[in-house]
Amino acid sequence: MVMPTVAVLAGGLSHERDVSLRSGRRLSAALREQGLTVEEWDTDAGLLDRLRSERPDAAVVALHGGQGENGSVQTVLEMLKVPYVGTSSRGCRRAWDKPTAKAVLSAAGYATPDWVVLPHSTFRELGAQGVLDAIVDHLGLPLILKPDQGGSALGAQVVRDAAELPAAMVGCFAYGDTVLAERLVEGVEVAVAVVERDGEPEALPAVEIVPESGVYDYTSRYTAGLTDFFAPARLPEASAKAVGELAVAAHKLLGLRDISRTDAIVTADGTVQFLEVNSSPGLTETSTVPMAIETAGTSLGAVFTDLVARAIRRSA
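This write-up is about the structure you can find in this document.

Basis of the calculations
- Residues numbered from 1 in each chain as written.
- Predicted model: local features only at pLDDT ≥ 70, side-chain atom pairs only at ≥ 80, totals over all residues.
- Heavy atoms only, no water.
- Helix = DSSP H or I, 4+ residues; strand = E, 2+ residues; numbered from the N terminus.
- Buried < 20%, exposed > 50% of the residue type's maximum accessible area, 1.4 Å probe, protein only.
- Core = buried A, V, L, I, M, F, W, Y, C linked by side-chain atoms within 4.5 Å.
- Contact = heavy atoms within 4.5 Å.
- Pairing = 2+ DSSP bridges.
- Axes fitted to C-alpha atoms, helices over the stretch in contact; angles between N-to-C directions.
- Parallel < 35°, antiparallel > 145°, perpendicular 65-115°, else oblique.
- Nonpolar A, V, L, I, M, F, W, Y, C, P; charged D, E, K, R; others polar.
- Salt bridge = Lys/Arg side-chain N within 4 Å of Asp/Glu carboxyl O.

## Things to note about unusual backbone geometry
What you tend to see is this: most non-glycine residues have negative phi, and most peptide bonds are trans.
Point 1. Looking along the chain, the bond that leaves Leu 141 and enters Pro 142 is cis, with omega of 0°.
Point 2. Note on placement: Pro 142 falls in the loop between α7 (128–139) and β6 (143–147).
Point 3. Of note, the bond from Ala 231 into Pro 232 is cis; its omega dihedral lies within 30 degrees of zero at 5°.
Point 4. Take Pro 232: it is sitting in the loop between β12 (227–230) and α10 (237–253).
Point 5. Unlike most non-glycine residues, Lys 81 shows phi in positive territory, near 60°.
Point 6. If you check the backbone angles, Asp 258 has positive phi at about 70° while not being a glycine.
Point 7. Topologically, Asp 258 is positioned in the loop between α10 and β13 (259–266).
Point 8. According to the relative accessible area criterion, Asp 258 is buried, its value standing at 0%.

## Some remarks on the nonpolar core
Point 1. By size, the foremost hydrophobic cluster in this structure holds 28 residues, and its most contacted members are Leu 27, Leu 31 and Phe 304.
Point 2. Every element with two or more residues in this core is listed here: β1 (5–10), α1 (17–33), β3 (58–61), β9 (188–197), α11 (288–295) and α12 (300–315).
Point 3. Here this core gets 6 residues from one element, more than from any other, and that element is α12.
Point 4. Ala 95, Leu 105, Val 192 and Val 277 belong to the second largest nonpolar core, which has 21 residues in total.

## Observations regarding helix α8 (residues 165–173)
Point 1. Within the sequence span of α8, burial applies to Leu 165, Ala 168, Met 169, Gly 171, Cys 172 and Phe 173.
Point 2. In this structure, the buried side of α8 is in contact with β5 (115–119), α6 (120–126), α7, β6, β7 (157–159) and β8 (178–183).

## Observations regarding the sheet that holds β7
Point 1. As summarised here, the arrangement of the 4 strands in space is β5-β8-β6-β7, forming an open sheet in which the pairing is antiparallel. The sheet is open, and its two borders are formed by β5 and β7, each paired with just one other strand. If you compare each strand with its neighbour and ignore which way they point, the axes differ by 25° on average.
Point 2. The strands touched by helix α5 (residues 98–107) are β5, β6 and β8; relative to β5, the strand with the most contacts, the crossing angle is about 150°.
Point 3. Sitting on the sheet, α7 touches β5, β6 and β8, and the angle it makes with β5 is about 165°.

## Looking at the packing of α7 against α8
Point 1. With their axes 11 Å apart at the nearest point, α7 and α8 run at an angle of 100° to one another. Of the possible angle classes, the one that applies to α7 and α8 is roughly perpendicular. Two secondary-structure elements touch here, α7 through Gln 129, Leu 132, Ile 135 and Val 136 and α8 through Leu 165, Pro 166 and Met 169.
Point 2. Classifying every residue of the contact of α7 with α8 by side-chain character gives 6 nonpolar, 1 polar and no charged.

## As for the pattern of salt bridges
Point 1. Within this structure, the stated rule accounts for 16 salt bridges.
Point 2. Where Lys 102 meets Glu 182, a salt bridge forms, and the shortest distance between an N and an O atom there is 2.7 Å. Taken as a pair, Lys 102 in helix α5 and Glu 182 in strand β8 lie far apart in primary sequence, 80 residues in all. Just as Lys 102 is buried, Glu 182 falls in that class too.
Point 3. Across the pair Arg 310 and Glu 196 runs a salt bridge, and its minimum N-O distance is 3.4 Å. Of the two residues, Arg 310 is situated in helix α12 and Glu 196 in strand β9; the sequence distance between them amounts to 114 residues. Take Arg 310 and Glu 196: they sit in the same class, and that class is buried.

Here it is in structure tokens:
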């Protein structure tokens, strides 16, 4: 049997470049252990020529943020008819925009913290302080501010006092032109990976996230030892089932494919609150998806080897 040649696309020019490179290296090593021929490709100006001249049997998108999750690279792969692992360009666009994902899940009856979305121009044109006061009046405190697009909690700020809002808003706008202000919900934070097997999405065991600082920010995500992870999550059976059902629902409702990760909070009364979904989840040494895969009794290499085979079959 001839094993396929796979191009792992990682790096790029987003704020999450370093994380993407780490994901790409780990995934490449896992696929090589399965016997696949793997090359790690950066997504730079030479990508299109390389895809044409060194056409792989399949690509795996291990990009985080920017064009790797907003559907741009996926569109290029689709135009060049290169099979790839991951969500289609249209599904990526739905998941990439956090308010859109929240609205879709909310419309389907799933709980998600109340939110407002405002562009930078609104603060500039209507007066920043007045808009900030209106946000607090509407949502109350505490809040979490985050860019409406992007990942790895870049730009995310927890605000417990109204005096902290202006600085938090400035920090958020450093990563995007539009801010999502969301009511902060306390509880057990979990990440739930979904993997498609035989065409059906299946939720893997939830991973519980307990950051030392109390906030699962960029540093807590990617610095070993700053966050405790429990896989499976320490949840009652009913809550564990509910978060799995939420993750599968998000995967289906947003039109995701192959693999995704849903982030949620389980409150003290057992309510599961949807936060966001990631169509290209991290695969680093501190990422939750590899933990969930191992807890499910399989390996990163085995899961992605199967997904590569499915991607190739899709294009046949």
